[in-house]
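Structural characterization, general
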Amino acid sequence: MQGFGVKIGLAAGLLVVGLGATPAMAEKVKFEFWYGLSGDLGERVQDACKKFNDSQANFEIVCTSQNGYPETVQNAIAAYRAKKHPAIVQVFDGGTLDLMLSGAFVPAKKLMEDNGYKIDWSNYFPGIANYYATAKGELNSFPFNSSTAMFYYNVDAFTKAGIQSAPETWEDVEAAARKLKAAGYACPFGFSFDSWATVEQFSAIHNQPIATKNNGYDGLDTELTLNKTKLVDHLTFFKKMTDEGLFVVKTKQLGMDVVPAFTSETCQMIQSSIADHGTIGKTIKQGAKWDVTMLPVWKGTARQNSMVGGASLWVLNNRPEAEYKGAAAFLNFIAQPDMVEWWSTVTGYIPVTKTGFEAMKAKGFYDQPAFKGREKAIASLTFTPTSANTRGIRLGGFPQIRKEISDAMEGIFFGKLTVQAGLDQAVERGNVILRRFEKTYAGKALN
């Protein structure tokens, strides 16, 4: 992945600067944007692209889904090497360090300044910006579809089972699961082998490290530590609850992932992204009562801020200068308050800037029944100032490490490995990935 990176960034409240009129018969400058979202969310990206194209006459953005986050990064790398890469690429949180060290991107500040846009970079929520920023706090990429993990529960089922309030602790979740089971619900809580919610977000809000060197922010010689933290006890609890039939594994491979399990009312509690809020509202049966809250913590825990998920937009170098004018114009366009509100409305993703959030709150956005609860994602991300364990995770080859964690969880919950043995395996294999990444980028320092 040598030679693949760009710094870009943006904030709501950007000052729009004249783009300059094109001659009457001039051809529009076309540039490409590759993204990983698919399905309903992918269609909303296409809507955003159309809105931009319809808003002006100078540029035409061509937006193409790569049908998955890992696929987008892999395809962009291959295209970059062949010099057929897009101007903009959507990269998920796990690919951040790979992009940072690649050297194939245009810095956010440079891109926007070169094209006449003045940006208040401090307008980004720190919990979001820090994940994509350099040690100096300068954004490498533009936070686009930002989210965090949340806890969804079926209010109708809770009422039937005599549960009075949303779970705040995992002890509450256990009590609720037992009542739901007694009330006849076969799947009180559904979960998958997703590292992001069960491992990464859990670790953050409990102030537990994933790896040494401040989760990798302080050096490529980091090592995984998740087999020596409270995560061991947490997964042991999950295994016990699963063995009792109170927690149920739900994956695509087994026929139904967690979100469809919730919207079909098969499972009454799940943990998933706030970005799924819109999908749940559209697909759960009309009239069903459900709600969302922050992820539970173990009793006695001093809750910390959760980490941002989703993806950011990187502008790749070695494209014609005219395309950068278009890229800057597009990034400015989607950061305007009306577009921020539209994007959050039709998806469930959260506004990434303070002014965007405050404007939506002032308009009563979060008071509307369809959007009620989404503000809790902001509360979760900003619950405390970011710390060494909650700033983010900056590990090389992180997508592959996540796969090792997921594989270990599968082994644990299918009875092939003990919790400790599973996490030890994930750490051992993950460290091999880290050492390979460190060797690939030997001599390169994190900025």
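Residues numbered from 1 in each chain as written. Predicted model: local features only at pLDDT ≥ 70, side-chain atom pairs only at ≥ 80, totals over all residues. Heavy atoms only, no water.

Identification of the protein as sn-glycerol-3-phosphate-binding periplasmic protein UgpB from Phyllobacterium myrsinacearum is taken from an unreviewed UniProt entry. In UniProt, the protein has this text filed under Sequence similarities (unreviewed entry): "Belongs to the bacterial solute-binding protein 1 family." Among the UniProt annotations of the protein, the heading Subcellular location (unreviewed entry) holds the following wording: "Periplasm". (UniProt positions renumbered as here; feature names shortened; annotations may be inferred.)

Time to look at the nonpolar core. Core analysis: the biggest nonpolar cluster contains 140 residues, and F33, F247 and M269 have the highest contact counts within it. In terms of residues, this core owes the most to one element, helix α13 (residues 321–334), which gives eight residues. Viewed by domain, this core spans two of them, domain 1 (2–147 + 309–369) and domain 2 (149–306 + 396–440), each represented by three or more residues. If you look at the next biggest cluster of nonpolar residues, it comprises five residues, including L97, L220, F437 and Y441. (Core = buried A, V, L, I, M, F, W, Y, C linked by side-chain atoms within 4.5 Å. Buried < 20%, exposed > 50% of the residue type's maximum accessible area, 1.4 Å probe, protein only. Helix = DSSP H or I, 4+ residues; strand = E, 2+ residues; numbered from the N terminus. Domains from an automatic or database assignment.)

Before going further, it helps to examine the packing of aromatic side chains. Applying the stated criterion across every chain, the model contains 39 aromatic pairs. Each ring, one from F191 and one from F238, has its centre 5.1 Å from the other, and the planes form 80 degrees; the classification is edge-to-face. You can see F191 sitting in strand β6 (residues 187–191) and its partner F238 sitting in helix α10 (residues 231–243), a full 47 residues away along the chain. By the burial criterion, F191 is buried, and F238 matches it. Seen from their ring centres, F191 and F247 are 6.4 Å apart, and the 65 degrees between their planes marks the pair as edge-to-face. Within this pair, whereas F191 is found in strand β6, its partner F247 is found in strand β7 (residues 247–249), the two being separated by 56 residues in sequence. Across this residue pair, the class does not change: F191 and F247 are buried. Positioned above the aromatic ring of F383, the side-chain terminus of R303 is 5.7 Å from the ring centre. (Phe/Tyr/Trp six-rings, centres within 6.5 Å; stacked < 30°, edge-to-face > 60°. Lys NZ or Arg CZ within 6 Å of the ring centre and 35° of its normal.)

All right, on to the sheet that holds β7 then. The strand order across the open sheet formed by five strands is β7-β6-β8-β5-β9, and the pairing between neighbours is mixed. A single partner strand is all that each edge strand has here, and the edge strands are β7 and β9 (290–294). Between one strand and the next, the sheet's axes are offset by a mean angle of 30 degrees, whatever the strand orientation. Relative to β9, strand β5 (residues 149–154) runs antiparallel, the two being bridged by five bridges. When the sheet's bridge partners are listed, N154 is paired in β9 with W290. In this fold helix α12 (residues 276–283) packs onto β5, β8 (267–273) and β9, with an angle of close to 165 degrees to the strand it touches most, β9. (Pairing = 2+ DSSP bridges. Axes fitted to C-alpha atoms, helices over the stretch in contact; angles between N-to-C directions. Contact = heavy atoms within 4.5 Å.)

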